[in-house]
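# Geometric and topological summary
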Amino acid sequence: KQWYQRRVRGKKIDAMCVRHGPPTWFTTFSPAEYDWAELVEYVREMNADLPGVENLSSTELLAKDPVLVSHFIHKRFEALLDFMLTADPIGKITNYFIRIEYQGRGVAHIHFIFWVDGA
C-alpha cells in the first residue's frame, strides 16, 4: 500500500508540474511542541482532571494526550494555510500541494508545495 501511495502522490505532483509549471516554493513546517507554551497550557487545561497534571513536564503532559496535541497542531496548520491563501504573504498562491507526515514521536509536520502567480 505504501508503495502505491508514494506512486500516486508522485504522479499527482508530476501532473501539477506539467499543468502549472515548476513550483515556486517548497517548505516544511514542524512544530517545536515541547517549547510551545500555548499548546502546553491548552493541554494542561483540558486535562485538569488528571491527578498531578500541574506537576507534569511538557514532555510527560503532551505524551498523555496525543490526540488533543494532534488536533491542536492540525488546527494551527489549517489557520496557517488559510493565512497563506488569503493574506498573500509570499504572493498570490494559485495552486498548492500538502503532505502531512508524522515523526517518530507521533507529531505531525507538513510539507507544502506552492505555485505563486507571476513568480
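Above this text is the structure in question.
What counts as what
- Sequence order sets the numbering: in each chain, residues are counted from 1 along the sequence as written.
- The predicted nature of this model means local features are confined to residues of pLDDT at least 70 and side-chain atom pairs, given and counted, to a pLDDT of 80 or more, with totals for whole chains, interfaces and linings taken over all residues.
- Note: side-chain values were computed over all heavy atoms of the structure, leaving out hydrogens and water.
- A run of H or I in DSSP becomes a helix once it reaches four residues, and a run of E becomes a strand once it reaches two; helices and strands are each numbered from the N terminus.
- Burial classes follow relative accessibility: with a 1.4 Å probe on protein chains only, a residue under 20% of its type's maximum area counts as buried, one over 50% as exposed, and anything between as partly exposed.
- In what follows, residue pairs with any heavy atoms lying within 4.5 Å of each other are defined as contacts.
- At least two DSSP bridges between two strands are needed for those strands to be called paired.
- The definition of a nonpolar core used throughout is a set of buried Ala, Val, Leu, Ile, Met, Phe, Trp, Tyr and Cys residues joined through side-chain atoms within 4.5 Å.
- Criterion for a salt bridge: a side-chain nitrogen of Lys or Arg within 4 Å of a carboxyl oxygen of Asp or Glu.

Attention now goes to the side chain of Asn47. The topology assignment puts Asn47 in the loop between helix H2 (37-46) and helix H3 (58-64). A relative accessible area of 10% means that Asn47 is categorised as buried. With residues up to four places along the chain from it excluded, the contact list for Asn47 reads Val53, Asp65 and Leu68.

This part covers the pairing of strand E2 (residues 93-102). On a regular strand, each side chain points to the face opposite its neighbour's, so the side chains alternate between the two faces of the sheet. For E2 and strand E3 (residues 108-116), the ladder comprises nine bridges, and the chain directions are antiparallel. Pairing of Ile100 across the sheet is with Ile110, part of E3. Hairpin remark: E2 followed by E3, antiparallel, with five residues in the connecting loop; positive phi at Gly106, about 95 degrees.

On to the nonpolar core, then. Core analysis: the largest hydrophobic core is formed by 21 residues, its most contacted members being Leu39, Val43, Leu61, Leu62, Val69 and Phe114. Sort the elements by how many residues they give to this core and helix H4 (residues 66-87) lands first, with seven residues. Excluding its chain neighbours within four sequence positions, the residues that come into contact with Val69 are Leu39, Val43 and Leu62.

Using the criterion set out here, one finds three salt bridges in the structure. Between Arg76 and Glu38 there is a salt bridge, and its shortest N-O distance comes to 2.5 Å. Residue Arg76 is found in helix H4, and its partner Glu38 is found in helix H2; the two are separated by 38 residues along the sequence. Given the relative accessible area of 44%, Glu38 is considered partly exposed. A salt bridge links Glu101 to Arg99, with the nearest nitrogen and oxygen atoms 3.0 Å apart. With relative accessibility at 25%, the residue Glu101 sits in the partly exposed group.

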